[in-house]
Structures are given as C-alpha cells and as structure tokens.
Amino acid sequence: MSTHLDRFSSATSLITGFVLCIALSNGIIATSDKPNIIIIMADDLGFDDVSFRGSNNFLTPNIDALAYSGVILNNLYVAPMCTPSRAAFLTGKYPINTGMQHYVIVNDQPWGLPLNETTMAEIFQENGYRTSLLGKWHLGFSQRNFTPTQRGFDRHFGYLGAYVDYYTQSYEQQNRGYNGHDFRDNLKSNHDQVGRYITDVLTDAAVKEIEDHGSKNCSQPLFLLLNHLAPHAANDDNPMQAPAEEVSRFKYIGNKTHRYYAAMVSKLDQSVGSVIDALARQEMLQNSIVLFLSDNGGPTQGQHSTTASNYPLRGQKDSPWEGALRSSAAIWSTEFERLGSVWKQQIYIGDLLPTLAAGAGISPDPALHLDGLNLWSALKYGYESVEREMVHVIDEDVAMPHLSYTRGKWKVISGTTKQGLYDGWLGHRETSEVDPRAAEYEELVRNTSVWRQLQQVSFGERNISELREQASIECPDTATGVRPCLPLEAPCLFDIEADPCERSNLYAEYKNSTTFLDLWARIQQFAKQAHPPNNKPGDPDCDPRLYHNEWTWWQDEMASCSGTIGGLKVFTLLVVFILTTSQAVYSLNSNLYVGKMLN
C-alpha cells in the first residue's frame, strides 16, 4: 500500500539532504550561529500537574529543574483544545483566522490545516534548519498533502490523528466502528515499536535524533518538536496506561485512575530528563533554546478525563475559562539575562513562532500577517510591560456558540461549552496523599541530571522555594466579592490580574462603560472577519479496514485505486453485514453500538 508514495518521499529526502549538504559546505546557508530549537509539548497536561506550581501530590523533578534553571512562563495562553492550539502554534495565527477554531479533527473527517498556511517548520526549514516532528500531528491527514513531511518537517516519526493506544498504536472510533493502526516513519506505516510504551518510543527517537545530529558535527541547526501523547487518555476501553513498575511508585494514591495519571506524567517527566541529557552529551545545550509546554488545560471530568487538575483555575479543556487556556510552561536559553525567574508577561501560543524565530535571527515574511507578536527581547531581558490582546476562541457554532477574549487585564466570556457542565472549579490540590519524596523536594530537584547539566552551562544561584511560591497561583478575595457569571444568560467580564480564578463578574458594573464597549466592539470586529470553520463531516471511506487496517490519507488512496478500493469496500461492508446479521440471529440480546455567544 502507498509504495509509490513511499518511494517518492525517500527520493525527495535524499535529494533535499544532498542539496542542503552542498549548500552548507559552500557556505551558501550560514547557520552555524543559529541555536537549536528543542520543543517538548505535553498533551492535556493539567495546569497544576507540574510540581513547580506547588503541588506535592506527585512530583516532576526534571520538568521543575528545567523551570527553575530557566524562565517560568507564568502566563502562557493556549487554545482550549488540541487542534486549534497546535494550529495556532505552527502558524502564529488565531484559529479564527485559519478556520481551525471549532472543535478538533476527528480521524474520520476530511479536513486539515489549510494548505495555503505557512508553518513554523517551513520557516525554519527555509532558513537552514533540519526539522523533525516526533509524535502527534492532529492537523489533518485525509490527504497526503496535509501531513507533516509535506508541511515543512524533514522527518515525522509518530501518529497523524488525535491519540493512540500507548502500546498498540491503534486508534478506535467506537461510534463508527473504526479501529486501525496509526504510527508512521515519514510516510511509511511503522509497526516496529508495537508493544513498547509510546512515551519511551518517542523519547528514544528524540535522543537518537539529537545524537545523530550531534555526531555529524554539522553546522546545520536542529528544530525538534517532540509532541508527546502523554498524559492524554488512550482509547475509551482502556484510557489510562503506564508500565506496571511506574504505577507501583504511586501506590500511596488511592484512586486507581489518578494513580495511573501520576505514572503517565512521571514518564513524561523522565522524557524531559533524557532529552536534556542527550543535548548535554552532544555538547548542544550551550547553543539550544529548550521549551516545555502543554497544548491546553487538562480534562478533569467528562470525555477523555484523566483526573488532571487545573487548580485553582476555573474550567478545564474545551471551555472558555482559564483552566483550559493557561499552560504550565518553561523555557531555557543561555541568551536569557534573567535565568531563574518567573516571567509574568502574558504570551499567546501564537507568539512562539515569531519569538523563537527572532531568537534564531529569522524574520518571518510580513506577508504572512501573523497574529503572534515577537516577544523575544522582552523574554530575553525580562520585560513585562507589553499589553497583549488574545482571541482565545470565537466559535459561532449553532448548538453552543461561545467566545473568550482577553486584552490586558480584562477578559470577556460569552456563552460556554457543554451547557456549562464544566464551568466550575473542577480541580483540587490533594494534600492527604503526598509523594514520599516531597520531604526532600529541593534536594530531589538539585540531584537531577537536568539541574546539573544546565548549571554547568548557565551557573547561578536559584532560590527554589521562592521561585515555587512565585509560580503558584492564588485566588485572593476580590474587593468586589464573589459575583456569579452565567455566560449562557449574559456576557461576563473579569479583571484577570486581580481575579485569576474568575470568581467576580464585573459585567453589571461595566456593561455601559467605554472599557467594556471597546472590548465588545473589538470582539465583533474579529468575529466579522473570521475565516469560516474548515470542519467537514465524517467520511466512511476513511475506514481502516479498506487500507490493511491502517489510518491513512484515504482521499488520495481512493483517487489512485478507486476500482480496487471500491470493490474491497463493498466486499468488506458485505462481510460486516453478514457477520452482524448472524450475530443478531444467534442472540436476540446482542446490542449494536450505534452510534449558542454573539447575539
């Protein structure tokens, strides 16, 4: 299957590499002074599920060591769900300006990030970088042109859809009866790692990528995006997965689901340590920018819930509240003048493209019309004075329209998701079940290899207790008291600086003021200019049974092999019908699983 595509991809890669090596050897592309860009993105990690925020329920010493050694991004805002967030990250644009604002791409849906959009990978690739994506894509794969190696990545090793099983690498869409394998090495389906824990698989791939790059002593810099599955839930029949020996380390946690979640986050934390160690061994740390973040807040309850905690913030993933929108993140570079600090400047995930580009001496083409701001100088020198405007979401979905918008300290919410079911303060900080290592927390962090490696290239005193306290979010009693917000009845207005937990709705007080009316007019302007959502309904031609039980770019396969696939489709559906009918006859008790904002 897809042999002609695989051959084409391999040939293209060889030619590209040959031309690039000639260019480098002749000095055509001067890249030796450009930093390596290493990005580690967690999936659905709760805001309070890194221990540098203050929780002792389970510890993340490697992530914490990176955070305390670098700069904690205390106000990094992301989109509320996977696909919109990753689209904003890679394009530097608000999802409403690329049509990626509504929900996520489900595996059977034939749409993706528009092909006329330029990605961060393409920009870095065009400026001499080797670009590698390990792990999750989730920006479309119904056509081959949607996939990573066609969007600026020299290498993709991972999965194309929303998530997979941590061991079998399969994705099951139960409401449609689809189940197929989803893991590739570039364009070729790869089964070599089936049975291994996927966090380890991706970590090993990242280490190998770094070692291969470093061993060549190549002047070409590396852009590495490690998009982990962890700690996102797996398929619905077995959502929480981690190695037994890792789970056993958290036996003090009574709730089984939460115990597995702690183990999943722990494996993620170990991955961060392995990546830093690999960079150090190859002497690449000195000239690297290392960023850790989560794509959105964690799901505490409901679909794909994992017991993730966004404490003390309101809401969770797929909501307009801070619990969906704030990411626990940290960045490290020897270029920063205030290493070992908590940066309180508001920064949007779409700012990371121009900001990281500036750190690499790259100026994106103004014709791209990015929404993201270049905050490199502010980050480098520790300035916190830029007033940031952020369109978190404007979704005019007929069933559940909602918006969330921030400018400076003011935040407007109107409408919500899931009829407001997850609008409360869902996460909590567990104090009765404490990680046994918490008693020696600072020593634990300082004994990590991450701490030692970073200290070797950026030595400096770090007051861990003070940094941890600064990174903690408190919900102070507001001067106005608690004023309920009912976003399905009227807009809500919050002073997010004084009230980060969104407890005091100021709309009644400000609704006729210039402050609110200016904000509302700006929202109306964004809504009027929004790109229509790209979403398309599911396509039964995606069924993995038609493609050797693989999730693939079915629209291309259908076009190139319409006769064969069409016959196979009819035969497959006939077999399914016969088996289903036989089952119904055999047992009468068998069950067939079948599967509002701006006024």
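Up top is the structure these notes are about.
Below is a short write-up of the structure.

About the criteria used
Residues numbered from 1 in each chain as written. Predicted model: local features only at pLDDT ≥ 70, side-chain atom pairs only at ≥ 80, totals over all residues. Heavy atoms only, no water. Buried < 20%, exposed > 50% of the residue type's maximum accessible area, 1.4 Å probe, protein only. Helix = DSSP H or I, 4+ residues; strand = E, 2+ residues; numbered from the N terminus. Contact = heavy atoms within 4.5 Å. Pairing = 2+ DSSP bridges. Axes fitted to C-alpha atoms, helices over the stretch in contact; angles between N-to-C directions. Polar contact = N/O pair within 3.5 Å; in protein donor to acceptor, adjacent residues only side chain to side chain. Salt bridge = Lys/Arg side-chain N within 4 Å of Asp/Glu carboxyl O. Disulfide = S-S within 2.5 Å.

What sets the pattern is the α-helix's 3.6 residues per turn: residues three or four places apart point alike. Taken together, the buried positions of helix H12 (residues 449–457) are Ser449, Val450, Trp451, Leu454 and Gln455. Here the buried face of H12 lies against helix H2 (61–69), helix H7 (256–281), strand E11 (326–332), helix H11 (441–446) and helix H13 (464–471).

On to the sheet that holds strand E15 (residues 402–407), then. Reading across from one edge, E14-E15-E16-E17 is the order of the 4 strands in this open sheet, with antiparallel pairing throughout. Only two strands of the sheet have a single neighbouring strand rather than two, namely strand E14 (389–395) and strand E17 (492–495). Direction aside, the axes of adjacent strands within the sheet are offset by 10° on average. Sheet analysis places E14 next to E15, joined by 6 bridges and oriented antiparallel. Counted as the bridge partner of Val391 is Tyr405 from E15. Seen against the sheet, helix H15 (residues 514–529) touches E14, E15, strand E16 (410–415) and E17 and runs at an angle of roughly 120° to E15.

Attention now goes to the environment of Asn56. If you trace the backbone, Asn56 turns up in the loop between strand E1 (36–42) and H2. Here Asn56 falls in the partly exposed class, since its relative accessible area comes to 26%. Counting along the chain gives 379 residues from Asn56 to Asp435, while the straight-line C-alpha distance between them is 5.9 Å. Leaving out residues up to four positions away in the same chain, Asn56 has contacts with Glu433, Val434, Asp435, Ala438 and Arg468. A distance of 2.9 Å separates the side chain of Asn56 from the side chain of Arg468, its partner in a polar contact.

Within the fold, Leu421 resides in the loop between E16 and H11. When its relative accessible area of 57% is taken as the criterion, Leu421 is described as exposed. C-alpha separation for the pair Leu421 and Gly302, spaced 119 residues apart in sequence, amounts to 9.1 Å.

What follows concerns the pattern of salt bridges. The tally for this structure, following the rule as stated, stands at 28 salt bridges. For Asp48, the salt bridge goes to Arg429, with nearest N and O atoms at 2.6 Å. Taken together, the residues Asp48 in the loop between E1 and H2 and Arg429 in the loop between E16 and H11 connect sequence positions 381 residues apart. We classify Asp48 as buried; its relative accessible area is 5%. In this structure, Asp543 engages Arg545 in a salt bridge whose closest nitrogen and oxygen atoms are separated by 2.7 Å. The exposure class of Asp543 is buried, given its relative accessible area of 4%. Three or more residues joined by partner-sharing salt bridges are found here, namely Asp43, Arg86, Lys136 and Asp295.

Scanning the entire structure with this criterion turns up 2 disulfides. Put simply, Cys475 and Cys501 are joined by a disulfide, and their sulfur atoms are 1.7 Å apart. Here the S-S torsion is close to -80°, and the disulfide linking Cys475 with Cys501 is therefore left-handed. Of this pair, Cys475 sits in the loop between H13 and E17 while Cys501 sits in the loop between E17 and helix H14 (507–510), and the two are 26 residues apart along the sequence. Each sulfur in the disulfide pair Cys485 and Cys492 lies 1.9 Å from the other. Looking along the S-S bond of the Cys485-Cys492 disulfide, the torsion reads about 90°, which is the right-handed sense. On the basis of relative accessible area, Cys492 is assigned to the buried category, the value being 0%. With its disulfide-bonded cysteines labelled consecutively along the sequence, the protein chain is connected as 1-4, 2-3.

Once that is clear, we can look at the environment of Ala498. Of note, Ala498 is situated in the loop between E17 and H14. For the pair Ala498 and Ala479, spaced 19 residues apart in the sequence, the C-alpha separation amounts to 8.9 Å. Every residue in contact with Ala498, bar those within four places of it in the chain, is listed here: Pro476 and Thr478.

Turning to unusual backbone geometry, a few remarks are in order. Most peptide bonds take the trans configuration, and most residues that are not glycine carry a negative phi. Residue Ala230 is joined to Pro231 through a cis peptide bond whose omega torsion reads -5°. Here Pro231 lies in the loop between strand E9 (222–227) and helix H6 (244–247). In this chain, Tyr311 is followed by Pro312 through a cis amide linkage whose omega measures -5°. Here the phi dihedral of Gln169 falls at roughly 60°; this positive angle occurs in a residue that is not glycine. By the element assignment, Gln169 lies in the loop between strand E4 (155–159) and strand E5 (170–173). Gln169 gets classed as buried once you look at its relative accessible area, which sits at 0%. Even without glycine at this site, His304 takes up a positive phi of about 55°. Judged by relative accessible area, His304 falls into the buried class, the value being 16%.

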